[in-house]
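# Structure assessment
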Amino acid sequence: MALHFELVTPAKLVRSEDVHMVEVPGSEGAFGVLEGHAPFMSTIADGQMRIYKTAGAAPEVITVSGGFAEVGDAGLTVLAEHVED
């Protein structure tokens, strides 16, 4: 199974896809999320998210600024103030 990942800004839904893993720049330090992760919520720092579509794949890097990350039963949702591809 895969992790469902959504990246949202105040203006639009940027991504909604199933991935292997996402690394998020949390305000308390970076953290990785895989499918089945325990429920979790964190503020995010300005930095780079790394999205791994499959195990062992090179990551896609997206720069985010501010916001929140929430892991729940539906997967990982990142609500970012600003996103640069």
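Right, let's walk through the structure included here.

As a further point, take the environment of Glu70. Topologically, Glu70 is positioned in strand 7 (residues 60–72). Spatially, the C-alpha atom of Glu70 lies 14 Å from that of Ala45, the residues being 25 residues apart in sequence.

Relative to the helices and strands, Ser42 is located in strand 5 (residues 40–43). Look past the residues within four positions of Ser42 in its chain and what remains in contact with it is Gly26, Ser27, Phe31, Gly67, Phe68 and Ala69.

Let's shift gears to the nonpolar core. Grouped together as the largest cluster of nonpolar side chains are 19 residues, with contacts concentrated most on Phe5, Leu7, Val22, Val64, Leu76 and Val78. Elements represented by at least two residues in this core include exactly strand 1 (3–8), strand 3 (21–26), strand 4 (29–34), strand 6 (47–52), strand 7 and strand 8 (75–84). Beyond its immediate sequence surroundings of up to four residues, Val22 is in contact with Leu3, Phe5, Phe31, Gly32, Val33, Met49, Arg50, Ile51 and Leu76.

About the thresholds
Residues numbered from 1 in each chain as written. Predicted model: local features only at pLDDT ≥ 70, side-chain atom pairs only at ≥ 80, totals over all residues. Heavy atoms only, no water. Helix = DSSP H or I, 4+ residues; strand = E, 2+ residues; numbered from the N terminus. Contact = heavy atoms within 4.5 Å. Core = buried A, V, L, I, M, F, W, Y, C linked by side-chain atoms within 4.5 Å. Buried < 20%, exposed > 50% of the residue type's maximum accessible area, 1.4 Å probe, protein only.

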